[in-house]
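Architecture and fold: a report
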Amino acid sequence: MTRRELAAAGITDPSLRESYRCCRTLNAQHGKTFFLATRLLAPDQRPGVHALYGFARRADDILDEFDPARTVGDRAADLDTLAGHFVSGDSGGDPVLAAVLHTADRYGIEAQLFDAFLASMRMDLTVTDYPDRAALDTYVYGSAEVIGLQLLPILGVTETISAAAPYAAALGKAFQLTNFLRDVDEDLARNRVYLPADELAAHGVDRDLLAWCSRRQRAEPQVRRALAEQHEITREIYEFARGGLERLAPRSRPCVATASTLYSEILARIEDADFEVFGRRARVGTARRARVGVAGLARAWWARHATSNSPLSPDISRPRERT
């Protein structure tokens, strides 16, 4: 993490600065699209966002790290340890935890949002299928919607957090559902299906057929129709989420708009491939990401410049003053 970002955020303790640097490195290595979007935030906002990403990544690594010797019980114990450290406020020497604990305290992020996230991570230890939309929504709330809600105090809002919350949650949900569509093949390899079984069944699709398509690396017509329906549901959630952009602080809008554009274009790539999600992974090309990123950077610079010169900055969510 650059000294400029840390200085802008008022982070001076050497150990804490190193913790935030660790989170930034994790984000840069594993969340390339997300990391690109964070570059459009003001320097003082970036450390907190990197800390939240680092915490999510830490939990994800516990779930998916390849080690056949580790049992479900071992992984559950690790998640419990992570949760215990968070509740106690003791990082246990983990730099990622130190950064996220500092961020949660500084911005007043509700503890229940982290509890919900860890609850969904525990579901991944044993739940491999979701019978209906309600069951999937329960998982998605903790795995994705709460991420949007955690970010709100850092991004800042023009009205109240509660007014912006439904849109932030919806955008997190849309990102997650996009991942589920893109990664059907990869998730099957991990014995997971993140699509509502009853909605698939309406098209004559079940886990066995998805596995057959995965082995053949080719989607059958009924699978394409089922995925097209999921695609449309996700697209509608993006449309709703975009309605909340104006509720964010002006300096944060270019970042969120850019992330929304890039992620929703993954949906477009899936559709362009006629929902062939087996044997390939839909992605937005480097050139396109660069163009969207540069345009977003220009808007971000202008928004920060305009805000800094305005006597009435419409951002009512700022870090709490330390006493």
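Each value, and the rule that gives it
Residue numbers here run from 1 along each chain, matching the order of that chain's written sequence. Under the rules for a predicted model, residues below a pLDDT of 70 receive no local features and side-chain atom pairs below 80 are neither given nor counted, while totals for whole chains, interfaces and linings still include all residues. Heavy atoms throughout the structure, all of them, feed into the side-chain values; hydrogens and water do not. UniProt positions are given in the numbering used here, feature names are shortened, and annotations may be inferred rather than shown by experiment. Helix and strand definitions here come from DSSP, where helices need a minimum of 4 consecutive H or I residues and strands a minimum of 2 consecutive E residues; each element is numbered from the N-terminal end. The globule rule used for comparison is 2.2 Å times the number of residues to the exponent 0.38, while the radius of gyration itself is calculated over C-alpha atoms. Throughout this description, buried means an accessible area under 20% of the type-specific maximum (1.4 Å probe, protein chains only), exposed means over 50%, and partly exposed covers the range between. We call two residues in contact whenever any of their non-hydrogen atoms come within 4.5 Å of each other. Per-residue and other accessible areas follow the Shrake-Rupley method at a 1.4 Å probe size, with only the shown protein chains counted as cover for residues. The split of the chain into domains comes from an automatic or database domain assignment. When two components associate, each loses some accessible surface as probed by a 1.4 Å sphere; the sum of these losses over both components is called the buried area. A pair is scored as a salt bridge if a Lys or Arg side-chain nitrogen falls within 4 Å of a carboxyl oxygen belonging to Asp or Glu. Nitrogen and oxygen atoms within 3.5 Å of one another constitute a polar contact, given that in protein one can donate a hydrogen and the other can accept it, and given that sequence-neighbouring residues count only through two side-chain atoms. The nonpolar core is taken to be a set of buried Ala, Val, Leu, Ile, Met, Phe, Trp, Tyr and Cys residues, with the residues joined through side-chain atoms within 4.5 Å. A pair of aromatic rings is counted whenever rings of Phe, Tyr or Trp (Trp by its six-membered ring) have centres within 6.5 Å, and the orientation is called stacked for planes under 30 degrees apart, edge-to-face for over 60 and tilted otherwise.

As annotated in an unreviewed UniProt entry, the protein chain is Phytoene/squalene synthase family protein from Nocardia colli. The UniProt entry for the protein chain carries the following comment under Pathway (unreviewed entry): "Carotenoid biosynthesis; phytoene biosynthesis."

1. Brief notes about the overall build of the protein chain
Helix and strand counts for the protein chain stand at 15 helices and 0 strands. Relative to the globule expectation of 20 Å for 323 residues, the C-alpha radius of gyration of the protein chain, 20 Å, shows essentially globular dimensions. Counting only C-alpha atoms, the protein chain reaches 60 × 45 × 35 Å along its principal axes. Per-residue burial for the protein chain yields a buried fraction of 50% across its 323 residues. The long-range share in the protein chain, meaning contacts at least 24 apart out of those at least 6 apart in sequence, stands at 72%. Here the protein chain has roughly 14,800 Å² of accessible surface; of this, 55% comes from carbon and sulfur atoms.

2. Concerning the domain arrangement of the protein chain
Each assigned domain of the protein chain is listed here: domain 1 (1-124) and domain 2 (127-304). Distance from the C-alpha centre of domain 1 to the C-alpha centre of domain 2: 22 Å. Counting residues at the interface gives 30 residues for domain 1, matched by 32 residues for domain 2. Of the roughly 2,700 Å² buried between domain 1 and domain 2 on both sides combined, carbon and sulfur atoms contribute 64%. Interface area lost by domain 1 to domain 2 is led by L40, M123 and D124, which between them contribute 26%. Between the two partners, domain 1 and domain 2, sit 1 salt bridge. Residue R251 is joined to D44 by a salt bridge in which the shortest nitrogen-to-oxygen separation is 2.9 Å. Where domain 1 touches domain 2, the interface holds 10 residue pairs in polar contact (both at pLDDT 80 or more). Breaking the side of domain 1 that touches domain 2 down by element, the ones donating at least two residues are α3 (32-38), α4 (46-64), α6 (95-107) and α7 (111-126).

3. Some words on the pattern of salt bridges
Two side chains of opposite charge can pair, provided their charged atoms sit close to one another. Using the criterion set out here, one finds 23 salt bridges in the structure. For E5, the salt bridge identified is with R24, shortest N-O distance 3.7 Å. With E5 in helix α1 (residues 3-8) and R24 in helix α2 (residues 14-30), this residue pair connects regions lying 19 residues apart in the sequence. Each of the two residues, E5 as well as R24, counts as buried. The structure contains a network of salt bridges with shared partners spanning E5, R24, R39 and R46.

4. Structural notes on the nonpolar core
In a soluble, globular protein the nonpolar side chains are often hidden away together inside. Within the largest apolar cluster, 82 residues are counted, with the highest numbers of intra-cluster contacts made by F55, V223 and F278. For this core, the leading source of residues is helix α9 (residues 161-182), giving 11 residues. Two domains share this core, each providing at least three of its residues, namely domain 1 (1-124) and domain 2 (127-304). What F55 contacts, discounting residues up to four positions off in sequence, is L82, F86, V96, L97, V100, F114, F117 and L118. Counting residues in each nonpolar core, the second largest holds 10 residues, with A9, L16, A51 and A99 among its members.

5. A closer look at the packing of aromatic side chains
Aromatic ring pairs are reported here in terms of the distance separating the ring centres and the angle at which the planes meet. Counted by the stated rule, this structure contains 12 aromatic pairs. Here Y139 and Y194 contribute two aromatic rings whose centre-to-centre distance is 5.4 Å and whose plane-to-plane angle is 25°, an arrangement assigned as stacked. Residue Y139 is located in helix α8 (residues 133-155), and its partner Y194 is located in the loop between α10 (184-189) and α11 (197-201); the two are separated by 55 residues in the primary sequence. Note on accessibility: Y139 and Y194 belong to one class, buried.

6. Describing the environment of S143
Along the chain, S143 falls in helix α8. With relative accessibility at 10%, the residue S143 sits in the buried group. A sequence separation of 29 residues divides S143 from F114, and the C-alpha atoms of the two residues are 9.8 Å apart. Residues within four places of S143 in sequence aside, it is in contact with F117, S120, M121 and Q176.

7. A word on the environment of A134
Within the secondary structure layout, A134 lies in helix α8. Residue classification places A134 among the exposed positions, given a relative accessible area of 51%.

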